[in-house]
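Observations on chain architecture
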Amino acid sequence: MKYPKLRELKEAFKSFFSKPYTTKYPAEPHTPFPKFRGRPIPDDNECIACGACSIVCPSNAIEIKENLDKKPPTREVIWHYDLCIFCAQCELLCTTSKGVKLSLEFDLATYNRASLFSGIEKELIMCECCQTVIAPKTQFLWLINKLGPLSSGNFNLIYTAQKELKIAEELPSEVDSSEIQRPDLFRVLCPKCRHLVIVFNQTGQQP
């Protein structure tokens, strides 16, 4: 018969007097370790609804829904937890690095699958010419803050900033915009319409 080594006896005594590694969940609440990847929680103040998280989500658990019939039109970013694999790609590759954070919440079991979601809704900026979606308003404001004075080089950004500051307002209905020199340059336009306006401004001919 082989007797236990001193090292084995030491480990046995240590484990006998130390706390167990396992928990008594579900009889008692369980608190995961700090880096545990639980339910992703979007931050309504930091998320700009750019949609980058939905592109990198491997399980297609993030849905982008645009409500163009609303006044003003909006974009919803919806996290479906019944599809989420908690990989943290949405947090890692978030444009602002603060738009969504994985929490320590892991107990998501429910009988109602339709309740396993959360999301945010942001106003959309549309092309004033063709009504194509350009970007969420919060994304424009984030870019303006990120670029600082450099944002003045982009018509859409500077015009959005001026509207936020109440410097630029919509023209009253009684004012004829055709009387204003180059009025189309100072509108929020998609890249296609902006290109047509600039070409017409330079050549005087409709492209």
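Located above this text is the structure these notes cover.
Residues numbered from 1 in each chain as written. Predicted model: local features only at pLDDT ≥ 70, side-chain atom pairs only at ≥ 80, totals over all residues. Heavy atoms only, no water.

Quick look at the packing of helix H4 (residues 137–147) against helix H5 (residues 155–164) now. Two packed helices can be described by the angle between their axes and the distance between those axes. Packing of H4 against H5 leaves a shortest axis separation of 10 Å and a crossing angle of 100°. Looking at the two axes, H4 sits roughly perpendicular to H5. For the pair H4 and H5, contact is made by Lys137, Phe140, Leu141, Leu143, Ile144 and Leu147 and by Asn156, Leu157, Thr160, Ala161 and Glu164, respectively. Considered class by class, the residues forming the contact of H4 with H5 number 7 nonpolar, 2 polar and 2 charged. (Axes fitted to C-alpha atoms, helices over the stretch in contact; angles between N-to-C directions. Helix = DSSP H or I, 4+ residues; strand = E, 2+ residues; numbered from the N terminus. Parallel < 35°, antiparallel > 145°, perpendicular 65-115°, else oblique. Contact = heavy atoms within 4.5 Å. Nonpolar A, V, L, I, M, F, W, Y, C, P; charged D, E, K, R; others polar.)

In this section: the packing of aromatic side chains. Summed over all chains, the structure comprises 2 aromatic pairs. Taking the centre distance of 6.1 Å and the plane angle of 80° together, the rings of Phe36 and Phe106 count as edge-to-face. Of this pair, Phe36 sits in the loop between helix H1 (6–17) and strand E1 (40–42) while Phe106 sits in the loop between strand E4 (100–102) and strand E5 (117–126); the two residues are 70 residues apart in sequence, bridging distant segments of the chain. Given the relative accessible area of 35%, Phe36 is considered partly exposed. (Phe/Tyr/Trp six-rings, centres within 6.5 Å; stacked < 30°, edge-to-face > 60°. Buried < 20%, exposed > 50% of the residue type's maximum accessible area, 1.4 Å probe, protein only.)

Before going further, it helps to spend a moment on H5. Within H5 the residues assigned to the buried category are Asn156, Leu157, Tyr159 and Thr160. Taking the backbone nitrogen of Asn156 as reference, a side-chain oxygen 2.9 Å away marks Asn154 as the first, capping residue of H5. Looking one or two residues past H5, Lys166 carries a phi angle of roughly 65°, positive in sign. (Polar contact = N/O pair within 3.5 Å; in protein donor to acceptor, adjacent residues only side chain to side chain.)

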